[in-house]
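# Notes for the structure review
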Amino acid sequence: MKKPLDSAELNADDGSLLIANISRRAFLKDLALTGLVLAAGFPMLTRADETAVSPDPQKYGADAMPHGWVDNPLVFVAIATDGTVTIICHRSEMGQGIRTSLPMVVADEMEADWQRVHVKQAPGDEVLYGNQDTDGSRSMRHFFMPMRRVGAAARSMLEAAAAAHWQVPVQEVIAKQHQIFHPASGRVLDYGQLAAAAANLPVPDRETLHLKKQEDFRYIGKGQVGIYDGQDMVTGRAQYGIDTRLKDMFYAVIARPPVFGGKLLSYDANEALKVPGVVKVIELKSSPPPAEYNPLGGIAVIAGNTWAAIQGRNALKIEWEKGPHGSYDSLVYKAELEAAARKPGKVVRSEGDVDAALQSAVKRVEAEYYAPHLAQAPMEPPAATAQIVDGKCEIWACTQAPQVSRERVAKWLKLSEDDVTVHVTLLGGGFGRKSKPDYVIEAALLSQVMDGKPVKLTWTREDDLQHSYFHTVSVEHLEAGLDRQGNTVAWLHRTVAPTISSTFGPDSKHQMPMELSMGVINVPFAIANLRIENPEAEAHTRIGWFRSVSNIPHAFAIQSFVAELAAAAGCDPKDYLLDLIGPPRRIDPRTLGDTWNQGESPVLYPVDTGRLRRVIETVTDAANWGGKLSKGRGLGLAAHYSFVTYVAVVVEVAVSEDGKLSIPRIDVAVDCGPQVNPERIRSQIEGACIMGVSLATLGEISFREGAVLQDNFHAYQLTRMDDAPREIRVHLLPAAEYDTPLGGVGEPGLPPIAPALCNAIFAATGQRIRQLPIRDQLRKD
Amino acid sequence: MTTLTINDKPIKIDLPADTPLLWALRDFVGLTGTKFGCGIASCGACKVHLDGVPTLSCVTPISAAVGKKIVTIEAIGQDEIGKKVQDAWMSLGVPQCGYCQSGQIMAATALLKQTPKPTDADIDKAMSGNICRCGTYCRIRAAIKQAAGISEVTV
């Protein structure tokens, strides 16, 4: 217990920081003391939506997110007298490299030397920092421009301070690599020497800022900056949520109801309390539906170390009542989804006359695709540490949603939000699981039980796999009619899957616009007769976000079906896909019935079939599409537009005589607009390829008698080194101008992997996979 | 009371003898670089070296580690090969979330100590006990080859 508290230090106030103090309350106090009039720079008043004149009353992008964005340099940048520049990262680091990439944007614009930059993680405080929900592949898309302005404003203040000091016009000075130069006189000052003076200057108006020209970028678009936390990660010093250590801390695990909605009938803690190290066993109440972010309740075991807590939990004797979902069975449910998918359902988009066109078609093709529940399974399971001192709760958590965590903890502890601090540690993976702060609330409740003493709650892997907010389960029913030339003249898609909204409201049985907009309603095919239906599906577990969400089943079905249509028409799948997409055009997503459009403006972010075509052409060229392959080998293509980014994939497979699958290579082409940190974009896409292979070949969470069958990695298998693609080649389309809209990166690589893989298997073997995971479907014994 | 030799230091541990080394390291000694991932010897996140042998600390009771030289991620950089592996990890930007990388580096270092010029099959064998959910396997393979001074990629 003698180790210093790195995660606590991470967020401690630092007296040496002159321009700003990142603590909100201290920041306000400083304002009062110095009398600086910074109202114009204060977040509540700087939201673009309150100042910009827009004919469109609808808000989009970061403007539409809770607490919007903030571009005040006083909030994000501090400069110490030794020149150390501290840049705040307000988004959670979970492997996407955001603690490198966003501060790098600030550093570039302010001409700070990256070697002298220190990155500090913001606690949950959206009023101060803007939106912090690290999800939806949004961090760079929404904060590239605000962070550029932060950097530019800080540079401008440093330039003004130097000019005033030298008594020269500000136009005569220039900022370069941590120094301000006055070329005419040869004078130079380091940022550290200017920090105090710059701090006393007003923040320049947003409209007066000069952003750098892109040819002057030092870091942006270069991919030369290493991962900020890399050295800590390879030496074991990196601090994740599960690593928090506080003085006199207790360790806890919880036995939760095995069935969602189940309740505790009785328990016997006698044996548990005999386990050496166990301190307390306590019941936590379950919450009535909807699930929201509420803890599941159960029996908590609190001990002197994690192992003792786990042993204590093993020794509990508990009787549960299963509740309303006690008969949830994945095999039965699959049949229910299939039955629903074979009957008409709620029409969510309709063009032309599909029924007539199907009737008169020369050839009809019909197929159904199944994609099961998945668990995010971040390598670091959910974990959080809480303590309550003098009515103030302090939390350290690996969370994608620090502000939401703070709000919910305040509500559960009946505290004011100002009395709850949520420190954000590194996340050992998130993938959507850590957007839901049920585990953070649990930790706070356990500290409360222990009279405010620090308690670290750890979810074991069994907890993580059995009590997640699971990726939905889906049946996609597709029918098409082909004319004499093999063209698709009718397209009917019924998508049936329990919706995420069921987690937040009663009786939600239809997919939300958000889910439908994930590749199904906005399918950009030029087909005259097209109908999309969404029959009902009831949820029997907590449905939640999983990296790329509903794009997974939608892309799997649609991109597989296109290849099936190509085969039916006797065409090359690439040519057939390009024909379906049709000529390059920019489609207003609203005309496709897509009212959501990833939260982005339909004007700035139309569906651009030219860009979709381009990634397909790029990836097929790179993969030598149409070339000769040896027996048992095949190439499969899939393309998908999601998170306003265009991705096309060619997977090469080799299937042995006895049906063993291997993946020698994946080529991926990505058009995500301007690329801020191409190196991390590549790593995200590589990772998406492997996660995509993992879910396609092995991923399945299934239920019997209401409970999850898989309890650890032997049962919920993930792709390992020996079965991973041997080579992944990422082809980034040339970056557009940096003032054009950015696309997402973290998620869009994932959806096209499964269909490309299954199309490759078809090319290699003639066998069509319609049910995920593939598992041993190829085995020939 | 059990005395263990951890990173060349004798450390007294006041925990039951059947406590897994993982939790002794993390909760008692405060060496949190060794990670919990599964608790059943299935993911490799908890890998340490016991007398140079890669060992899953989540299923190794502290009683089984008595008298052995325990090396964790925090000290592997003091080893010449361990340092080379860490440097290769940095130079190729291997980590994403980084959580599994302690175990990956311990596995890779053990491999290279045993097999200085591993083939792809050697790498598969040595590394397939370690799960990376972010999907950094291709870079891990490349980094192992870089640390081994292998320039040609053998598929």
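The following paragraphs examine the structure supplied in this document. This structure is a prediction, so every number in the text was calculated from the model and none was measured. (Residues numbered from 1 in each chain as written. Chains lettered and ligands numbered in written order. Predicted model: local features only at pLDDT ≥ 70, side-chain atom pairs only at ≥ 80, totals over all residues. Heavy atoms only, no water.)

This paragraph deals with the overall build of chain A. Scanning chain A for helices and strands turns up 23 helices and 28 strands. Computed over the C-alpha atoms, the radius of gyration of chain A is 27 Å, within 12% of the 28 Å expected from 2.2 N^0.38 for a compact globule of 781 residues. Looking at chain A residue by residue over its 781 residues, the buried ones come to 64%. Partitioning the contacts of chain A with sequence separation of at least 6, the portion at a separation of at least 24 is 78%. Accessible area for chain A stands at about 27900 Å²; split by element, carbon and sulfur atoms hold 51% of it. For chain A, the distance from the average site of its 81 positive side-chain charges to the average site of its 94 negative ones is 2 Å. (Helix = DSSP H or I, 4+ residues; strand = E, 2+ residues; numbered from the N terminus. Rg over C-alpha atoms; globule rule 2.2 N^0.38 Å. Buried < 20%, exposed > 50% of the residue type's maximum accessible area, 1.4 Å probe, protein only. Contact = heavy atoms within 4.5 Å. Areas by Shrake-Rupley, 256 points an atom, 1.4 Å probe, with all protein chains shown as cover. Lys, Arg positive; Asp, Glu negative; His and termini not counted. Charge placed at Lys NZ, Arg CZ, Asp CG, Glu CD.)

What follows concerns the environment of threonine 421 of chain A. The topology assignment puts threonine 421 of chain A in strand β16 (residues 420–424). Residues threonine 421 of chain A and alanine 410 of chain A, spaced 11 residues apart in sequence, show a C-alpha to C-alpha distance of 9.5 Å.

Negative charge collects at one region of the surface, where Glu215, Asp216, Glu737 and Asp739 of chain A lie side by side. Mapping aspartate 216 of chain A onto the fold places it in the loop between α9 (191–199) and α10 (230–235). (Patch = residues over 30% accessible without salt bridge, like charges linked within 9 Å, V, L, I, M, F, W, Y side chains within 5 Å. Salt bridge = Lys/Arg side-chain N within 4 Å of Asp/Glu carboxyl O.)

Residues and elements named next belong to chain A. Tracing the backbone shows arginine 141 in helix α8 (residues 139–166). Since its relative accessible area comes to 8%, arginine 141 is described here as buried. At 3.2 Å, the side chain of arginine 141 and the backbone oxygen of glycine 136 are in polar contact. A distance of 2.7 Å separates the side chain of arginine 141 from the backbone oxygen of serine 137, its partner in a polar contact. Excluding residues that lie within four positions of it along the chain, arginine 141 makes contacts with Gly136, Gln598, Glu600, Tyr605, Phe643, Val644, Leu742, Gly743 and Gly744. (Polar contact = N/O pair within 3.5 Å; in protein donor to acceptor, adjacent residues only side chain to side chain.)

Taking 1.5 Å of rise per residue, the 12 residues of helix α3 (residues 80–91) of chain B would be expected to cover 16 Å, and the 16 Å separating its terminal C-alpha atoms lies within 8% of that figure. Turning to α3 of chain B, its buried residues are Gly82, Val85, Gln86, Ala88 and Trp89 of chain B. Buried residues of α3 of chain B, viewed axially, fall in a sector of 160°; they line one side. The secondary structure elements touched by the buried residues of α3 of chain B are α10 of chain A together with α2 (73–76), α4 (101–114) and α6 (137–148) of chain B. (Expected span 1.5 Å × (residues − 1). Arc of directions from axis to C-beta.)

On to the sheet that holds strand β5 (residues 179–182) of chain A, then. Where strands meet in a sheet, backbone hydrogen bonds hold them as pairs that are either parallel or antiparallel. Residues and elements named next belong to chain A. Strand order across the open sheet formed by three strands is β4-β5-β6, with antiparallel pairing between neighbours. Because the sheet does not close on itself, it has two edges, and the strands there are β4 (174–176) and β6 (187–190). Taken pair by pair, the neighbouring strands of this sheet meet at an average axis angle of 25°, ignoring direction. Two elements, β5 and β6, share four bridges in a ladder whose sense is antiparallel. Considered in β6, the bridge of isoleucine 180 is made with leucine 189. The sheet strands contacting α8 are β4, β5 and β6, and the helix crosses β5 at an angle near 45°. (Pairing = 2+ DSSP bridges. Axes fitted to C-alpha atoms, helices over the stretch in contact; angles between N-to-C directions.)

Before going further, it helps to examine the interface of chain B and chain A. Counting residues at the interface gives 53 residues for chain B, matched by 65 residues for chain A. Between chain B and chain A, the buried area comes to about 4700 Å², and carbon and sulfur atoms account for 57% of it. Between arginine 139 of chain B and glutamate 686 of chain A there is a salt bridge, with its nearest N and O atoms 2.7 Å apart. At the boundary of chain B with chain A, the tally comes to 25 residue pairs in polar contact (both at pLDDT 80 or more). Mapped by element, the contributors of at least two residues to the side of chain B that touches chain A are α1 (21–29), α2, α3, α4, α5 (120–127) and α6 of chain B. For the side of chain B that touches chain A, the per-class residue count stands at 27 nonpolar, 16 polar and 10 charged. (Buried area = accessible area lost by both parts, 1.4 Å probe. Nonpolar A, V, L, I, M, F, W, Y, C, P; charged D, E, K, R; others polar.)

Residue and element names in this part refer to chain A. On inspection of all chains with the given rule, the structure shows 16 aromatic pairs over all chains. Ring plane angle 85° and centroid distance 5.6 Å describe the contact between phenylalanine 470 and phenylalanine 703, whose orientation is recorded as edge-to-face. Remark: phenylalanine 703 occurs in strand β26 (residues 703–704) and phenylalanine 470 occurs in the loop between α17 (461–466) and β18 (474–482); sequence separation between them is 233 residues. Taking relative accessible area as the criterion, phenylalanine 470 reaches 1% and is therefore assigned buried. One aromatic cluster in this structure is built from Tyr328, Tyr333, Phe470 and Phe703. (Phe/Tyr/Trp six-rings, centres within 6.5 Å; stacked < 30°, edge-to-face > 60°.)

Time to look at the pattern of salt bridges. Per the counting criterion, the structure on display carries 60 salt bridges over all chains. We note a salt bridge from aspartate 135 of chain A to arginine 138 of chain A, for which the minimum N-O separation is 2.3 Å. Assessed through its relative accessible area of 13%, arginine 138 of chain A is described here as buried. Across the pair glutamate 351 of chain A and arginine 349 of chain A runs a salt bridge, and its minimum N-O distance is 2.9 Å. One network of salt bridges, in which partners are shared, links Arg726 of chain A together with Asp120, Asp124, Arg141 and Lys145 of chain B.

Residue and element names in this part refer to chain A. Going from proline 289 to proline 290, the amide bond is cis rather than trans, its omega being 0°. Topologically, proline 290 is positioned in the loop between β9 (278–284) and β10 (298–303). A cis amide bond, omega 0°, links leucine 772 with the succeeding residue proline 773. Tracing the chain through its elements places proline 773 in the segment after α23 (753–765). In this model, aspartate 451 sits at a positive phi of 55°, which is unusual for a non-glycine residue. Residue position: aspartate 451 is located in the loop between α16 (438–449) and β17 (455–458). Judged by relative accessible area, which is 68%, aspartate 451 ranks as exposed.

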